[in-house]
Amino acid sequence: MTLKGDRGDWRYTLAEELVKVKDLTGAVAEYQAALKLNPQDGDSAYGLGYAQQLAGDLNGAVSSYQTVLTINPRNSNAHFNIGIIKQQQRDLSGAETEFKAVLAATPEDPSALINLGRTYLLGGDLNQAVVFYRQGLSLDPSDAPSFIELGNALARLKDMTGARSAIESALALSPTNKQGLLALANLDESDNNYVDAEQIYRKLLESNVNDLEVLNELADCLDAQNKNEAAIATYQRIVQLNPRDPEAFNSLGLCLQRNNDSNGALSMYKKALDLNPNMAEAHINVGNVYLSRQIYADAAAEYKLALVTSPQSTLAHYNLGLALMGQDDFQGALGEYKKAIEIDAKYASAYYALALLYIKQNSQAEAIAALETYLAIDPAGQYSEQV
């Protein structure tokens, strides 16, 4: 960096003190004043960028850091901070360029390696992300959050052994790390070890009984274990704490429906739709209640609403076909079953429903072909013994 001119030096010092006491507006003004006195003052340009970054003026910060780089193109801190901002702004190509610039100067900078890995993770390049996380963590094995991110990336790559090892490394550094414990519980669930996962969630709730993130994880875990009453109680707690959560109302409705409380379920689905009228899953669930009650016209209307926002939903097309069949609209049902199959050629139930429709139309050859396809896809399926 260039040396500060004598006239701006006191302003630079004052600006530093203002940053320390979090008077960022004052700090920005003093750095700008110092730069007016000496436009080649790299320290003040960097300080200005840092104060702007802390204040949330990310574009201004990038501009200031770029000024630093015109003074000293090899300033790794400026490149790094621009990379962080580009990452926040989801300009992942820009972030990658900046972190690589840091690594060109200092190839073993663990923060740059990890953030390059994080950039690849945000962009969905999991393999590259894992490479750079591992390089960075080999140089700085004290970064628990980055071990968690590595573990999550490995889990998405289905490397559960590697994922568990990374998460355990994080928890060895920080045994009470909430995100690490949640990641471990998620790994347990992926191994169908719901008992251990449930224990982790309940342990986390001991420190905060109203933690909505953990409550949602616990509710899903209980649901997966068919602990219906406990799941219902947990979802009820969630909607009590956050009555603006359509997903929780919908999930509560599913549990109530499995508990043979279709009226309660319908009420919850409708609350979900009050909060989010475009929630396709809730429309399908309302339709399913009506379908089970043989209120076919209302069921069909709900499935059609679901298809407005989720036109590729095989379940909505299939169930709409069932509702149309209930109204003796065979051609309409035929079209919906075929749409479901177009979207998912292995959607076995649609072939069985198609066969039943062909039987009603006395199209024996088509019915046999549909049944044969159904059995080829799902030989031990729900309807296989009836074929």
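Residues numbered from 1 in each chain as written. Predicted model: local features only at pLDDT ≥ 70, side-chain atom pairs only at ≥ 80, totals over all residues. Heavy atoms only, no water.

Remark: helix α4 (residues 58-71) packs on helix α5 (residues 76-88), axes separated minimally by 9 Å, with the N-to-C direction vectors making an angle of 155 degrees. The pairing of α4 with α5 is recorded here as roughly antiparallel in orientation. Relative to α5, α4 is oriented so that their crossing is left-handed. Taking contact as the criterion, the partners of Leu58, Ala61, Val62, Tyr65, Gln66, Val68 and Leu69 in α4 are, on α5, Ala78, His79, Asn81, Ile82, Ile85 and Gln88. Its residues placed into classes, the contact of α4 with α5 shows 9 nonpolar, 4 polar and no charged. (Axes fitted to C-alpha atoms, helices over the stretch in contact; angles between N-to-C directions. Helix = DSSP H or I, 4+ residues; strand = E, 2+ residues; numbered from the N terminus. Parallel < 35°, antiparallel > 145°, perpendicular 65-115°, else oblique. Left-handed = near helix turned anticlockwise from the far one by under 90°. Contact = heavy atoms within 4.5 Å. Nonpolar A, V, L, I, M, F, W, Y, C, P; charged D, E, K, R; others polar.)

The next point concerns the environment of Lys158. Among the structural elements, Lys158 can be located in the loop between α9 (144-156) and α10 (160-173). Through-space distance from the C-alpha of Lys158 to that of Ser190 is 9.8 Å; in sequence the pair is 32 residues apart.

Our focus in this paragraph is the packing of helix α17 (residues 280-292) against helix α19 (residues 314-326). When two helices pack together, their arrangement is given by the angle between the helix axes and by the axis-to-axis distance. The contact between α17 and α19 brings their axes to 11 Å, and the two run at 25 degrees. On the basis of their axis angle, the class for α17 and α19 is roughly parallel. Remark: the crossing between α17 and α19 carries left-handed chirality. When α17 is examined against α19, the residues Ile284, Asn288 and Leu291 are found in contact with a partner set consisting of Leu315, Ala316, Asn319, Leu322 and Ala323. Here the residues of the contact of α17 with α19 are counted per class, giving 6 nonpolar, 2 polar and no charged.

Moving on to the packing of aromatic side chains. A ring pair, where both rings are aromatic, is described by two values, the distance of the centres and the angle of the planes. Inspection of the entire model under this criterion finds 7 aromatic pairs. A ring pair is formed by Tyr318 and Tyr337, whose centres lie 6.1 Å apart and whose planes are at 45 degrees; its orientation type is tilted. Here Tyr318, found in helix α19, pairs with Tyr337, found in helix α20 (residues 330-343); they are 19 residues apart in sequence, far enough to count as distant. Take Tyr318: its relative accessible area is 9%, and that puts it in the buried class. Here Tyr318 and Tyr347 contribute two aromatic rings whose centre-to-centre distance is 5.6 Å and whose plane-to-plane angle is 70 degrees, an arrangement assigned as edge-to-face. One end of the pair, Tyr318, is in helix α19; the other, Tyr347, is in the loop between α20 and α21 (348-360), and 29 residues separate them in sequence. Taking relative accessible area as the criterion, Tyr347 reaches 16% and is therefore assigned buried. The structure contains a cluster of three or more aromatic residues connected by ring pairs, namely Tyr318, Tyr337 and Tyr347. (Phe/Tyr/Trp six-rings, centres within 6.5 Å; stacked < 30°, edge-to-face > 60°. Buried < 20%, exposed > 50% of the residue type's maximum accessible area, 1.4 Å probe, protein only.)

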